[in-house]
Structure formats: structure tokens, C-alpha cells
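# Working through the structure, step by step
Here is how the chains run, residue by residue.
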Amino acid sequence: MQIIIMVVLFGGMFFMMNRSQKKQRDARTQMVDNMQPGARVVTIGRMHGVVESVNKADKTFVLDADGVYFTFDLDGVARVVPAESSVEAATTDEPVEVDAEITDVDTDATSDIASGEDNK
């Protein structure tokens, strides 16, 4: 009886682990398959850029990182950044108010640094 319970428990654990991994794998496959030129992505090496082109036959994509073009495997995509979280969408033309006030600046220390003196 105990052996049957152990087999059922291990079988259930195995099933649940594989099911969650399959969901993650399917979500990643769908993310990469839906990637289009113009999408903002982050690679597994944490490089941010915009997709210039996607070659599904060779399973590669070209990433534009500030005018420098890199070719990566599709497996190199860590995530596709949603448009609303990109920097361009977050910036506004409204002025930003800052309430902080700088006080107690040690002008002697800054003048010592500028003159090259060591204050030990």
C-alpha cells in the first residue's frame, strides 16, 4: 500500500513539474514567434535594442543597438519589452519638479581635490 502511495505521489510531482515547464516553453516560443521588426527586445546578455529583421529560416534576428547592428540566434532573446514600458513611452514633455535642496557642501574638500592636496 505504501509503495502505491509513493508511486502516485512521485507521478503527480513529475506531472506537475513537466506541466509548468511546458507552459513556460510554450509562452517563450509564442513570444519569439510573434517578434516583428521594430520590437524592443532584451537579449540573454542583457543588451537592449530594436529588432531590425527576423530570419525564421536561419533562426536569427538582427538587433539595432543605437546604430550598431548585431546578429543573434532567436534563442538569444530573453524578453520582448512591451511598448508601454519602453523609455520613449515613459517620457513626457511636462517639466519635472524637484523638491530636493542641496545643503552643507564641504567646499574645502572640493578645493583640496581640485588642487591635488591630500588631507589625511
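We now turn to the structure provided with this report.

Reading guide: rules and limits
Residues numbered from 1 in each chain as written. Predicted model: local features only at pLDDT ≥ 70, side-chain atom pairs only at ≥ 80, totals over all residues. Heavy atoms only, no water. Helix = DSSP H or I, 4+ residues; strand = E, 2+ residues; numbered from the N terminus. Buried < 20%, exposed > 50% of the residue type's maximum accessible area, 1.4 Å probe, protein only. Contact = heavy atoms within 4.5 Å. Salt bridge = Lys/Arg side-chain N within 4 Å of Asp/Glu carboxyl O. Phe/Tyr/Trp six-rings, centres within 6.5 Å; stacked < 30°, edge-to-face > 60°.

A word on the overall build of the chain. For the chain, the helix and strand inventory stands at 3 helices and 5 strands. Looking at the chain residue by residue over its 120 residues, the buried ones come to 16%. Here the analysis covers contacts within the chain between residues at least 6 apart in sequence; of these, 37% occur between residues at least 24 apart.

Here we take up the environment of Gly 45. Position of Gly 45 among the secondary structure elements: in the loop between strand 1 (40–43) and strand 2 (48–55). Between the C-alpha atom of Gly 45 and that of Gly 76, which follows or precedes it by 31 residues, the distance is 7.9 Å.

Counted by the stated rule, this structure contains 1 salt bridge. Across the salt bridge formed by Asp 26 and Lys 22, the nearest N and O atoms sit 3.0 Å from each other. Placement of the pair is Asp 26 and Lys 22 together in helix 1 (residues 2–33), with a separation of 4 residues, close to one helical turn. Classification of Asp 26 as partly exposed rests on a relative accessible area of 38%.

Right, let's talk about the packing of aromatic side chains for a bit. Here the distance between the centres and the angle between the planes together describe a pair of aromatic rings. Scanning the model with the defined rule gives 2 aromatic pairs in all. Each ring, one from Phe 61 and one from Phe 72, has its centre 5.7 Å from the other, and the planes form 25°; the classification is stacked. Taken together, the residues Phe 61 in strand 3 (residues 60–65) and Phe 72 in strand 4 (residues 68–73) connect sequence positions 11 residues apart. For Phe 61, a relative accessible area of 1% gives the class buried. What makes Phe 72 partly exposed here is its relative accessible area of 22%. Relative to Phe 72, the ring of Phe 70 lies with its centre 6.2 Å away and its plane at 45°, an arrangement referred to as tilted.

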